[in-house]
Structure formats: structure tokens, C-alpha cells
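Structural features, examined
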Amino acid sequence: MIAGRPSFTLVVAAVVFICVVITFLSSGSVRSQLRTTSSPTRLAYSAQKHGKSDVFNATLGFEKVIVIGLPERSDKRDALTLMSALTGFKLSWIDGVIGKTVSDKALPLGWDRETMQDNNLGSWRGHVNAMRRIVEDGISSALIMEDDMDWDVHVKAQLEQFSAAARTLQKDFHRNQSLESPSPYGQDWDMLWLGSCVTTFDEHLPAHLKVVEEQRDPRKVLIFDDPTVPLPPHILANGSFSWEEYPPRTRIVYVPGDNVCSFAYALSASGAQKALHHMGLEGQYKPFDNHLSDLCRMRVDGMRCVSVVPSLFVHHRPKGKISADSDINKAGQNEEMREVGFTENIVYSTRLNLGNLVRGLEPEKQWAE
Ligand SMILES: *[C@@H]1O[C@H](CO)[C@@H](O)[C@H](O)[C@H]1NC(C)=O
Ligand SMILES: *[C@@H]1O[C@H](CO)[C@@H](O)[C@H](O)[C@H]1NC(C)=O
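What you see is a predicted model; the values in this text were computed from it and never measured.

Each helix and strand in the protein chain was counted, giving seven helices and 16 strands. In the protein chain, which comprises 369 residues, the share counted as buried stands at 54%. Surface summary for the protein chain: the accessible area is close to 16,800 Å², and the carbon and sulfur share equals 55%.

Counting 48 residues, the largest nonpolar core has L143, M145, F162, L194 and F313 as its most contacted members. Among the elements that make up this core, the one with the highest residue count is helix 4 (residues 155-170) (six residues). In contact with F162, other than residues within four places in its own chain, are Y185, L192, L194, I223, V253, V306, S307, V308 and L312. A130, I134, Y265 and C305 belong to the second largest nonpolar core, which has 30 residues in total.

Turning to the environment of I68, a few remarks are in order. Residue placement: I68 occurs in strand 2 (residues 64-69). Given the relative accessible area of 9%, I68 is considered buried. I68 has contacts with I94, G96, G126, H127, A130, I144, M145, E146 and D147, leaving out every residue within four places of it along the chain.

Let's shift gears to the side chain of S196. Mapping S196 onto the fold places it in the loop between strand 6 (191-195) and strand 7 (198-201). Look past the residues within four positions of S196 in its chain and what remains in contact with it is N259, V260, C261, F263, S311 and F313.

Summed over the entire model, instances satisfying the criterion amount to two disulfides. With a sulfur-sulfur separation of 2.1 Å, C296 is cross-linked through a disulfide to C305. In this structure, the disulfide formed by C296 and C305 twists by about -85° around the S-S bond and is classed as left-handed. Neither residue differs from the other here; C296 and C305 are each classed as buried. Described in terms of the sequence order of its bonded cysteines, the disulfide pattern of the protein chain is 1-2, 3-4.

So, on to the packing of aromatic side chains. With the rule as written, the count across this model stands at twelve aromatic pairs. A ring pair is formed by F62 and Y185, whose centres lie 4.6 Å apart and whose planes are at 5°; its orientation type is stacked. In this pair, F62 sits in the loop between strand 1 (33-36) and strand 2 while Y185 sits in the loop between helix 4 and strand 6, placing the two residues 123 residues apart along the sequence. No difference in accessibility class separates F62 from Y185, as the two residues are buried. Arranged with centres 5.8 Å apart and planes meeting at 80°, the rings of F241 and Y246 form a pair that is edge-to-face. Given a relative accessible area of 7%, F241 falls into the buried group. Y246 sits in the buried class, given a relative accessible area of 15%. The structure contains a cluster of three or more aromatic residues connected by ring pairs, namely F201, F241, W243, Y246 and Y254. Its end group placed over the ring of W124, R125 keeps NZ or CZ at 5.1 Å from the ring centre. Just above the ring of F173 sits the side chain of R304; from NZ or CZ to the centre is 3.8 Å.

What follows concerns the site of ligand 2. Close contacts around ligand 2 come from N238, G239, F241, S242 and W243, and that covers them all. N238 is positioned such that a nitrogen or oxygen atom in its side chain is 2.3 Å from an oxygen atom of ligand 2. W243 places a main-chain nitrogen or oxygen 3.2 Å from an oxygen atom of ligand 2. Across the complex, the protein chains shield 54% of the 360 Å² of accessible surface that ligand 2 would expose by itself. Of the residues in the shell around ligand 2, the class split is two nonpolar, three polar and no charged.

Scoring rules and cut-offs
Position numbers for residues start from 1 in each chain and track the written sequence from start to end. Starting at A for chains and at 1 for ligands, labels are handed out in the order in which the entities are written. pLDDT decides what is reported in this predicted model: residues at 70 or higher carry local features, side-chain atom pairs at 80 or more are listed and counted, and totals for whole chains, interfaces and linings draw on all residues regardless. Only hydrogens and water are removed before side-chain values are computed, so all heavy atoms of the structure are retained for them. Runs of E in the DSSP output that reach at least two residues are strands. Runs of H or I that reach at least four are helices, and both are numbered from the N terminus. Only protein chains enter the accessibility calculation, which uses a 1.4 Å probe; a residue whose area is less than 20% of its type maximum is buried, one above 50% is exposed, and one in between is partly exposed. Computed with the Shrake-Rupley method and a 1.4 Å probe, the accessible areas treat only the protein chains shown as cover for residues. Among the buried residues, those of types Ala, Val, Leu, Ile, Met, Phe, Trp, Tyr and Cys that are joined through side-chain atoms within 4.5 Å form a nonpolar core. Throughout, a contact is declared for two residues whenever any of their heavy atoms are within 4.5 Å. Only a pair of cysteine sulfur atoms within 2.5 Å counts as a disulfide in this structure description. What counts as a ring pair is set by centres within 6.5 Å for rings of Phe, Tyr and Trp (its six-membered ring), and what kind of pair is set by the plane angle: stacked under 30 degrees, edge-to-face over 60, tilted for all other angles. A ring is considered to have a charge above it if a Lys NZ or an Arg CZ atom is located within 6 Å of its centre and within 35 degrees of its normal. One heavy atom within 4 Å of a molecule or strand is enough for the residue carrying it to be called near that molecule or strand. For the purposes of these results, a polar contact is taken to be a pair of N or O atoms within 3.5 Å, where, inside protein, one atom must be able to donate a hydrogen and its partner to accept one; residues adjacent in sequence count only when each atom of the pair is a side-chain atom. Under the scheme applied, nonpolar residues are Ala, Val, Leu, Ile, Met, Phe, Trp, Tyr, Cys and Pro; charged residues are Asp, Glu, Lys and Arg; polar residues are all the others, including Gly.

Quick look at the structure:
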């Protein structure tokens, strides 16, 4: 009798959890309105019923979700595996690369080992390996993310809103011949930059980053009344504008501009080819994320990108040793401890709600707003 109890408890917990998730997805609690800045017509966000769009499938509407991580960071794999299981999607791991293992002969054009960090080199190689995987395996689209990511427990509902906005922006993109299989995010994108840390809009680019007139595209689609957008002072990442210019709880889908941080981005098959060409073969003389931003901003090989702020994927800062945060910076120099983990810009953090989710409890906000 006693031996039977734990499994019964588990079954009850699982059923309760599934009910909570279904309630969240069907209650429209994260439903919001979409509107382009150029035309105030509302998009039929609710036309695609929850669950019908492929965005809700086990790979978030992409063919794969690829995570780049060093195999020895088993702590990060544990966290991400649990988080993706609890929010309903599957990960494909690809090993990160230690910079010093990159042979001198394989160094990208322009890389100077004397002045540039081997750790940035490793980061570059890990991302380029992920791009090559997409090209090699003929993958139609994949979301690539770093292994310290966090996202909102409502990520699928967020992605559905984002997909409608992204499709609107693509109306002005060239026809992308390489995206042959249908994507819920539209057919004409090369990259969807879903996780970055600082946004500079096209119209605010500083002189040294300005692109030629015919490549400029300041269009935006606004998602209003999104309860998963934090209120000030917790809403960040605005590098070139003030959040006060927008109503509270607005998420902005836009054509970048300049982005910093390569937390998470999706590539279509054609986008992966362009990215492998530019990031792999055409040289690398600055950190990976700056180079990725150039690829979008300068429309290299016709690259077309869509981005979103606040981001849907943001790196988590866990409690514990601060030096363990990043594999780019060296460990051991900083033995400072962080008492409480946090993730910028994510209201219902999956990482911080793991305890609630495994117990079947409602997710909580990171900040009392
Ligand atoms: C999810 O949807 C995408 C786009 O339609 C598709 O490529 C992918 O295979 C689907 N994933 C699963 C697990 O069915
Ligand atoms: C970002 O927005 C906040 C308001 O939420 C504002 O105080 C801050 O100055 C903005 N940052 C930039 C760089 O404009």
C-alpha cells in the first residue's frame, strides 16, 4: 500500500499540471492585439486557434531546436532539458567548442589570436557548427540557442503572436526561393532573431553603422496589452529609444537595425546558407553577435531578418557562483555568489518557476508589478 502511494501522487501531480497548462493556453490570458505602425488594421490573431498552428508543436514550429553547449556544463543541460520538457518542446544538442582547440589553420580570416580572446573564437565556432548542421542535414528551419537560456512559460502563445507579426513584415521582403516547406512564421525570412540584449532601431543607427538608403526598413508591428511584457523599471534592452514612447506592455516586432547578443535566433534553410557563407567563410574580426548583426543590417547575400523586443529568449543568471554564468569569460577569478537568480525581461520565467511547474502549481511573476 505504502509503496503504491508515491506513484499515485505523481499521477495526480501530472494530471494537475497538464490541466494548468491547458487552462493557460486556452484561457487567452496572454492574448493581445497586433497592429502595424503604418496601418492601424488589427491582425486576426485569434484566427489561428491555439493548438492549430505548428508553432505549438514539439519543435516550436521549426524543424529543430538546436542548443549549443559545452558537454562538461551538465548543470546547464539539466536545467534546459527540464525547462523545455515542462513548456512542451524538444531540444537537439550540439557541442560547444573550446576556442584553443581551433587550429591556427582553421582560423577565420581576420582573426588575430594575439589581440582577440580564444573564448570568443570558441563561441564563433560553436554557432558556425550549428549553421553547418542545418545546411548539411538539409533542415528546413531551426531555432539555435545558447545553453543558458530562459523563456516565459507562455512561450508558445508568444511565438504565435510573433509569427503573425513576422508574416506581416515579410510582405515587403523579396520572395525567398529556398524556404520550400511551409513555415508558420512565413515563407520569406532568413533569420528570426528571437533573443538579443540591446536593440537599436534602423532609424536610430549611429553614423558608422548606417546602411545605404535602399536597405533601410524602419517598419514595426506592435503587439499591445501583452501581459508577458514587463512594466518599467523591469523592461530593458531599449538601446536607442525610450519605452515611454510606447504604451505599457507593448512588444515590438521589427526589422533590425543593430542587435547585440546572440542568445537565440532561427535560421531558414536559405538563411543558414547565407549565414554559413558570411560567418564561416567571409572572415571574422569581431565578436560573433556583432558579426551576426552586420549580416542582417547590411543584407549580406540578400539576408532578411525579423526581430522582437523585449526578446522571447534571454540568458538566465542563476543563483550560485557568478563565474559559472558564461563559458566565454574565464572561471575562477570571481568567487562572488548570487543569492537569487534572475532573467532580464522575462515575466513568467520558466527557469525560476521550475519548482512550481514540477509541482503543478501556477507560474509566478518574477517581479511584483
Ligand atoms: C513543427 O512544425 C514545423 C513547421 O511546420 C515542422 O517543420 C516540424 O517538423 C514540426 N515538428 C514536429 C515535431 O512535428
Ligand atoms: C529605455 O526606456 C526607459 C523607460 O523605460 C528610459 O528611462 C531609458 O532612458 C531608455 N533608454 C534609452 C537608451 O533610451
